[in-house]
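So you can see what is in the structure, the chains are spelled out below.
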Amino acid sequence: MELLCCEGTRHAPRAGPDPRLLGDQRVLQSLLRLEERYVPRASYFQCVQREIKPHMRKMLAYWMLEDWEVLVLGKLKWDLAAVIAHDFLALILHRLSLPRDRQALVKKHAQTFLALCATDYTFAMYPPSMIATGSIGAAVQGLGACSMSGDELTELLAGITGTEVDCLRACQEQIEAALRESLREAAQTSSSPAPKAPRGSSSQGPSQTSTPTDVTAIHL
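In this report, we go over the structure that sits alongside the text. All values reported here derive from a predicted model rather than from experimental measurement.

**Some points on the overall build of the protein chain**
Then comes step 1: Within the protein chain, the regular secondary structure consists of ten helices and zero strands.
Then comes step 2: Along the chain direction, N to C, the helices and strands of the protein chain fall in the order α-α-α-α-α-α-α-α-α-α.
Then comes step 3: Sorting the 220 residues of the protein chain into buried and exposed places 30% on the buried side.
Then comes step 4: For the protein chain, the computed accessible surface area is about 15100 Å², with 55% contributed by carbon and sulfur atoms.

**Topic: the packing of helix α6 (residues 86-94) against helix α8 (residues 128-143)**
Then comes step 1: Between α6 and α8, whose axes approach to 9 Å, the crossing angle comes to 50°. What the angle tells us is that α6 and α8 run oblique. Pair α6 / α8 crosses with right-handed handedness. Residue-level contacts link F88, L89, I92 and L93 of α6 to P128, S129, A132, T133 and I136 of α8.
Then comes step 2: For the contact of α6 with α8, the class distribution of residues is seven nonpolar, two polar and no charged.

**Brief notes about helix α7 (residues 100-119)**
Every α-helix winds through 3.6 residues per turn, so residues three or four apart in the chain are directed the same way.
Then comes step 1: Compared with the 28 Å implied by 1.5 Å per residue over 20 residues, the 30 Å span of α7 between its first and last C-alpha is a close match.
Then comes step 2: Of the residues making up α7, those classed as buried are V106, H109, A110, T112, F113, L114, A115, L116, C117 and T119.

**Concerning the side chain of S129**
Then comes step 1: Relative to the helices and strands, S129 resides in helix α8.
Then comes step 2: Those residues in contact with S129 that sit more than four places away from it in its chain are L32, E35, F88 and T161.

**Focus on the pattern of salt bridges**
Then comes step 1: Taken as a whole, this structure holds four salt bridges when the rule is applied.
Then comes step 2: For R169, the salt bridge goes to D151, with nearest N and O atoms at 3.5 Å. Placement of R169 in helix α10 (residues 165-191) and of D151 in helix α9 (residues 150-161) is noted, with a sequence separation of 18 residues between them.
Then comes step 3: The residue R169 makes a salt bridge to D166 at a minimum N-O spacing of 3.3 Å. With R169 and D166 both in helix α10 and three residues apart, the pair spans about one turn of that helix.
Then comes step 4: Among the residues examined, R169 registers a relative accessible area of 26% and is labelled partly exposed.
Then comes step 5: D166 sits in the exposed class, given a relative accessible area of 58%.
Then comes step 6: Among the charged side chains, a salt-bridge network with shared partners connects D151, D166 and R169.

**Some points on α6**
Then comes step 1: For α6, the set of buried residues is F88, L89, L91, I92 and L93.
Then comes step 2: Where α6 is buried, its residues meet α1 (19-23), α2 (25-35), α7, α8 and α9.

**Some words on the environment of A145**
Then comes step 1: Following the sequence through the fold, A145 ends up in the loop between α8 and α9.
Then comes step 2: Accessibility expressed as a relative area gives 3% for A145, which makes it buried.
Then comes step 3: Every residue in contact with A145, bar those within four places of it in the chain, is listed here: L98, P99, R102, V106 and V140.

What counts as what
- Residues numbered from 1 in each chain as written.
- Predicted model: local features only at pLDDT ≥ 70, side-chain atom pairs only at ≥ 80, totals over all residues.
- Heavy atoms only, no water.
- Helix = DSSP H or I, 4+ residues; strand = E, 2+ residues; numbered from the N terminus.
- Buried < 20%, exposed > 50% of the residue type's maximum accessible area, 1.4 Å probe, protein only.
- Areas by Shrake-Rupley, 256 points an atom, 1.4 Å probe, with all protein chains shown as cover.
- Axes fitted to C-alpha atoms, helices over the stretch in contact; angles between N-to-C directions.
- Parallel < 35°, antiparallel > 145°, perpendicular 65-115°, else oblique.
- Left-handed = near helix turned anticlockwise from the far one by under 90°.
- Contact = heavy atoms within 4.5 Å.
- Nonpolar A, V, L, I, M, F, W, Y, C, P; charged D, E, K, R; others polar.
- Expected span 1.5 Å × (residues − 1).
- Salt bridge = Lys/Arg side-chain N within 4 Å of Asp/Glu carboxyl O.

And the structure:
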């Protein structure tokens with residue numbers, strides 16, 4: 001008798017979106033209340049760990065995006081229950097009237113903006129909801145995914161999360177500026193010769209991760 005084992009499938013099963021949860025205003029309001037608990041009150045570079053510099057945090061964040069290990073997070077005493085910008089992504093997108101054929105691409109680009117913000121300490125003082133709305137606004141405008149003007153879209157997004165329009169606009173502009181800087185750095189890196197791999201390093205390719213769209217694939 002032959003047995004068939006399907007445990008080695010390439011794609012892990014994922015739960016689909018729940019319209020009831022996405023459309024329930026209480027879910028969004030609960031996240032908005034919880035996020036206030038995790039927003040930093042001051043720069044820990046100045047008050048907590050003065051020997052740590054922003055570029056060190058950026059290097060760690062890049063590494064964590066590639067190898068997101070729960071054990072490492074536990075050793076670093078990161079609160080895994082903290083509200084992050086990604087928690088707001090589906091809830092906000094559900095409240096936008098985007099064309100069905102553009103929804104997946106807008107989400108993918110917004111995820112890239114969120115990953116970019118996670119590596120830049122400039123956004124550490126922003127509430128996660130503002131980073132999420134700013135990332136979605138930048139993705140929608142960059143792709144031309146809706147017929148609304150930029151001001152109309154900003155006002156709509158600000159109303160969804162209760163964010164001040166001027167603050168949200170400034171956050172989105174800063175996200176777009178961070179993308180341009182990242183693209184500039186990527187262009188400089190690609191034009192320079194690649195360094196030789198150190199002896200004993202692995203020759204295997206990058207591990208399979210859920211990293212969203214590469215920032216070099218985005219055009220404002």
